[in-house]
2 protein chains.
Amino acid sequence: MRPQITSTANPAVKALRRLQRRRERDRTGLFPVEGAREIGRALDGGVAVDRLYVRSGEGVPTDLVARAEAAGIEVVPLGAEAFAAAAYRDVPGGTIAVARRFATGLPDLAGADAPLVLVVEGVEKPGNLGAVLRTAAAAGAAAVVACDPATDPFNPNVVRASLGALFALPVALAPAAETRAWLDRHGIPWWASSMHGTRPLWEADLSGAAALVVGGEESGLDPSWLADPERVIVVPTPGPVASLNLAAVAAVLLFEAVRRRSYPAG
Amino acid sequence: MRPQITSTANPAVKALRRLQRRRERDRTGLFPVEGAREIGRALDGGVAVDRLYVRSGEGVPTDLVARAEAAGIEVVPLGAEAFAAAAYRDVPGGTIAVARRFATGLPDLAGADAPLVLVVEGVEKPGNLGAVLRTAAAAGAAAVVACDPATDPFNPNVVRASLGALFALPVALAPAAETRAWLDRHGIPWWASSMHGTRPLWEADLSGAAALVVGGEESGLDPSWLADPERVIVVPTPGPVASLNLAAVAAVLLFEAVRRRSYPAG
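Model, not experiment: these values are computed from the prediction.

## What about the overall build of chain A?
Consideration 1: Helix and strand counts for chain A stand at 9 helices and 11 strands.
Consideration 2: Its C-alpha atoms give chain A a radius of gyration of 20 Å, within 12% of the compact-globule value 18 Å for 266 residues.
Consideration 3: Taking the principal axes of its C-alpha atoms as reference, chain A extends roughly 65 × 35 × 35 Å.

The structure is reproduced here in structure tokens:
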């Protein structure tokens, strides 16, 4: 370990705090990952980590420190005040890694067996994208594609809400038309969810390769997704409140696909 | 309408702001409802509304004001500064109602046809309870029961995240044992979701009356829900991230019940 940093004015502390801003992440190509579980998942996922900061005192996660040191990652202790100044939130366990952003192009799924893909458009908050990534990773999705060019998957709230699922599956940013061309190229049929659809999701064949396309609750999907009624599905809402949020729709669709894959005959 | 209030120090403005605190809601039996859609759903749901505050200037929701006046509800204009001081958040449309808390005992479901009930325990944030209420209302649930005595369904974040679904179905607070007795009395079979369960949710018969019991992701469910393995179900997670958040589990379970009710033969 390197000597402990105690001053909140230390350049390393200031640099960490600046990474909370998108402009700085774009400029440096770095992003912060807070929390031992999240950092562990980043290492599992092959994310390049430059440095690990640990809060001095009780509760240093020794397993993570040992793993980082074995990987040649510089480990730097921070005093409690310096840590609090550097962290985006109160981090249980007291760890922040500085990681390198990874490519977010559409992945090659050529080797994947019947891939399940989630496509989202109009995700309103980074936390919502994080929640959706977590659900998609749990469902075993082969990739998540966000069709919003302004999305920043390296936002600290994405990392936090995903519990590190951001590192567990390929996450791509691509415009809608490009995404459809990529799905076609991989022979992956897609279904677009709309509250104005008439075909219940249960009537779509989700037993093989499938992409599920879900839009923001205010904005919905770009009309280019909705041109073919055969591809438009709906999560029927028998109750008095007709609208579901994006994360709920994604969960229902993804686990209907899991069900269909679990019971091929059903 | 009454004369406009412009001072942020006006007692009515201060009283509104105080209602953001639970102690004040408990003391007065009142709670604030912000937003025209949410207030409309409160009126639809028969919630007693004492007063409607509207922000002066452009965009006054005239339909809502007319409806309130027809119902004998006092309508009070607030200047922009006074409104901002009174509101919990930036309210699109500029409306806040002061409503009377309603009873949150276990409802009588004797007349309900095959009721679908959601039981939650260990909901960590008011916003999560709101999101779950919204999903349950969309699925046509007959009631939602929260088994946490500390839960306050009148928290502004519950109202906001539920988009007013809080007013669209009965919401009850009750301890776990009392909830089970109530379910038994109504002849409603229940299933408890646990990530340690072995029986996939799809193998539970959710085609008739059913209660779905979901716990917080950290705390899980009280062991009293998990004693009978026949009643414990799991949302299988084939992917690398094994955990799902409470709202995602609730969405998957509720809409699996909707599916089973939609296809009685399947």
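Next comes the rest of the account.
## Comments concerning the interface of chain B and chain A
As a measure of interface size, the accessible area lost when the parts come together is often cited.
Consideration 1: Opposite the 33 residues of chain B that make contact, chain A presents 33 residues.
Consideration 2: Elements represented by at least two residues in the side of chain B that touches chain A include exactly helix H6 (126-138) and helix H9 (246-262) of chain B.
Consideration 3: Grouping the constituent residues of the side of chain B that touches chain A by class yields 24 nonpolar, 7 polar and 2 charged.

## Focus on the domain arrangement of chain A
Residue and element names in this part refer to chain A.
Consideration 1: Splitting chain A by domain gives domain 1 (11-100) and domain 2 (116-262).
Consideration 2: Relative placement of domain 1 and domain 2: their C-alpha centres are 30 Å apart.
Consideration 3: With 16 residues of domain 1 at the contact, the number on the domain 2 side is 10 residues.
Consideration 4: Top contributing element to the side of domain 1 that touches domain 2 by residue count: helix H3 (residues 36-44), with 5 residues.

## Observations regarding the sheet that holds strand S1 (residues 30-34) of chain A
Residue and element names in this part refer to chain A.
Consideration 1: On the basis of which strands lie adjacent, the open sheet formed by 4 strands has the order S1-S4-S2-S3 and mixed pairing. Each edge of the open sheet is held by one strand with a lone partner, namely S1 and strand S3 (74-78). Looking at each pair of strands side by side, their axes are set apart by 20° on average, direction ignored.
Consideration 2: Both strand S2 (residues 49-55) and strand S4 (residues 95-100) contribute to a ladder of 5 bridges, which runs antiparallel. Opposite Val-54, over in S4, you have Thr-95 as the bridge partner.
Consideration 3: Each of S1, S2 and S4 is contacted by H3, which is oriented at about 30° to S4, the strand it contacts most.
Consideration 4: Lying on the sheet, helix H4 (residues 62-70) is in contact with S2, S3 and S4; it crosses S3 at an angle near 140°.

## Details of the pairing of S1(A)
Consideration 1: Buried residues dominate S1(A), accounting for 5 of its 5 residues.
Consideration 2: Side chains of S1(A) alternate between two faces, with A:Leu30, A:Pro32 and A:Glu34 and A:Phe31 and A:Val33 buried alike.

## Focus on the pairing of strand S8 (residues 190-193) of chain A
Residue and element names in this part refer to chain A.
Consideration 1: Direction of pairing for S8 relative to strand S10 (residues 210-215): parallel, over a ladder of 3 bridges. Following the sheet pairing, Trp-190 is matched in S10 by Ala-211.
Consideration 2: Of the strand pairs in this sheet, S8 and strand S11 (residues 232-234) are connected by 2 bridges, and their pairing is parallel. In the strand pairing of S11, Ser-193 is matched with Ile-233.

## Some details on the relation of the copies chain B and chain A
Consideration 1: Superposition of chain B onto chain A requires a rotation of 180° combined with a translation of 0.0 Å along the rotation axis, giving an RMSD of 0.0 Å. Given the turn and translation reported, the copies of this chain are related as if by a two-fold rotation axis. Closest approach to the rotation axis within chain B is made by the C-alpha atom of B:Val252, at a distance of 2.5 Å.
Consideration 2: Mapped onto chain A, 100% of the interface residues of chain B are again interface residues, and the two copies thus contact each other with one and the same surface.

## What about unusual backbone geometry?
Consideration 1: Phi is positive for A:Ala114, which is not a glycine, with a value near 45°.
Consideration 2: Its 12 C-beta neighbours within 10 Å are what place A:Ala114 among the exposed residues.

## A word on the confidence of the model for chain A
Consideration 1: Here chain A averages 93 in pLDDT, and 98% of its residues register 70 or above.
Consideration 2: Reported confidences for the modelled complex are a pTM of 0.94 and an ipTM of 0.93.

## Focus: helix H8 (residues 176-185) of chain A
The periodicity of an α-helix, 3.6 residues per turn, causes residues three or four positions apart to be oriented the same way.
Residue and element names in this part refer to chain A.
Consideration 1: Listed in full, the buried residues belonging to H8 are Thr-179, Trp-182 and Leu-183. Here the buried residues of H8 occupy an arc of 100° about the axis, which is enough to place them on one side. Seen from the buried face of H8, the exposed residues on the opposite side, beyond 90 degrees, are Ala-177, Asp-184 and Arg-185.
Consideration 2: Buried-residue contacts for H8 involve strand S5 (116-121), strand S6 (143-146), S8 and S10.
Consideration 3: At the exit of H8 stands Gly-187, carrying a positive phi of roughly 65°.

## What to know about the packing of helix H9 (residues 246-262) of chain A against H9(B)
Consideration 1: Across the interface, H9(A) lies against H9(B) with an axial gap of 8 Å and an inter-helix angle of 55°. Judged by the inter-axis angle, H9(A) sits oblique to H9(B). Like other packed secondary-structure pairs, H9(A) and H9(B) cross with a definite hand, here right-handed. Mapping the contact onto sequence places A:Ala247, A:Ala248, A:Ala251, A:Val252 and A:Phe255 in H9(A) and B:Ala247, B:Ala248, B:Ala251, B:Val252 and B:Phe255 in H9(B).
Consideration 2: Among the residues forming the contact of H9(A) with H9(B), the class breakdown is 10 nonpolar, no polar and no charged.

## Observations concerning the environment of A:Asp222
Residue and element names in this part refer to chain A.
Consideration 1: By the element assignment, Asp-222 lies in the loop between S10 and S11.
Consideration 2: Remark: the alpha-carbon pair of Asp-222 and Ser-262, spanning 40 residues in sequence, is separated by 32 Å.
Consideration 3: Ignoring anything within four residues of it in the chain, the contact list for Asp-222 reads Glu-121 and Ala-176.

## Observations regarding the packing of helix H6 (residues 126-138) of chain A against H9(A)
Residues and elements named next belong to chain A.
Consideration 1: One can describe the packing of H6 onto H9 by two numbers: an axis separation of 9 Å at closest approach and a directional angle of 10°. In terms of orientation, H6 and H9 fall into the roughly parallel class. Judged by residue contacts, Asn-128, Ala-131, Val-132, Thr-135 and Ala-136 of H6 engage Leu-246, Ala-247, Ala-250, Ala-251 and Leu-254 from H9.
Consideration 2: For the contact of H6 with H9, the per-class residue count stands at 8 nonpolar, 2 polar and no charged.

Basis of the calculations
Residues numbered from 1 in each chain as written. Chains lettered and ligands numbered in written order. Predicted model: local features only at pLDDT ≥ 70, side-chain atom pairs only at ≥ 80, totals over all residues. Helix = DSSP H or I, 4+ residues; strand = E, 2+ residues; numbered from the N terminus. Rg over C-alpha atoms; globule rule 2.2 N^0.38 Å. Contact = placed C-beta atoms within 7 Å. Nonpolar A, V, L, I, M, F, W, Y, C, P; charged D, E, K, R; others polar. Domains from an automatic or database assignment. Pairing = 2+ DSSP bridges. Axes fitted to C-alpha atoms, helices over the stretch in contact; angles between N-to-C directions. Buried ≥ 20, exposed ≤ 12 C-beta atoms within 10 Å, placed from the backbone. Least-squares fit on C-alpha atoms with pLDDT ≥ 70 in both. pLDDT = per-residue confidence, 0-100. Arc of directions from axis to C-beta. Parallel < 35°, antiparallel > 145°, perpendicular 65-115°, else oblique. Left-handed = near helix turned anticlockwise from the far one by under 90°.

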